[in-house]
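# Structure assessment
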Amino acid sequence: SKRLRCCDQFAMVKRDLRPKPLFDEASLHAFFVDHGVKPVHMGRIWKQIVDNPDCPLDEIPGIPEKIRVPLKEEFVACTSTLVRTYESQIDGTVKMLIQLQDGGEIEAVLIHH
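Below or above, wherever it landed, is the structure these notes cover. Note that the structure is a prediction, hence the values are computed from the model and not measured.

The rules behind each value
- Residues numbered from 1 in each chain as written.
- Predicted model: local features only at pLDDT ≥ 70, side-chain atom pairs only at ≥ 80, totals over all residues.
- Heavy atoms only, no water.
- Salt bridge = Lys/Arg side-chain N within 4 Å of Asp/Glu carboxyl O.
- Helix = DSSP H or I, 4+ residues; strand = E, 2+ residues; numbered from the N terminus.
- Buried < 20%, exposed > 50% of the residue type's maximum accessible area, 1.4 Å probe, protein only.
- Polar contact = N/O pair within 3.5 Å; in protein donor to acceptor, adjacent residues only side chain to side chain.
- Contact = heavy atoms within 4.5 Å.

Let us now look at the pattern of salt bridges. Inspection of the entire model under this criterion finds four salt bridges. One salt bridge connects D58 with K72, and the closest N-O pair in it is separated by 3.8 Å. Here K72 lies in helix α3 (residues 65-74) and D58 lies in the loop between α2 (41-51) and α3, a separation of 14 residues in the sequence. Of the residues examined, D58 reaches a relative accessible area of 24% and is grouped as partly exposed. A residue is classified by how much of its surface remains accessible, and K72, at 45% relative accessible area, is partly exposed. Across the pair R68 and E65 runs a salt bridge whose closest N-O atoms are separated by 3.2 Å.

Attention now goes to the side chain of R68. Secondary-structure assignment places R68 in helix α3. Polar side-chain contacts of R68 include one of 3.3 Å to the backbone oxygen of I63. Those residues in contact with R68 that sit more than four places away from it in its chain are D58, E59, I60, P61, G62 and I63.

Spatial relationships are all this shows, so hold off on functional conclusions.
Here is the structure:
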């Protein structure tokens, strides 16, 4: 019989998310390769979205024309949704419930120091 190493039982299952998250470096790089575009434009895209979060992906300045429409069709800037927040009146700690693209949920806590 095949024995599993301890960490094998926790192996991540590869998921094919649609739309893809824009800040997933491997997915964006593969997209560029598939479209024959140099990956040097990745940084320009990320900077534009960080500086201007409402900028439509097909209107990012300085990217090749041939990727504008497919970029907008295949990617989104954010794939998670903030479901609920709670702020402590005592210390300002913020608890958040975030729903992931695949329906899973995580809790995050921001602690002010």
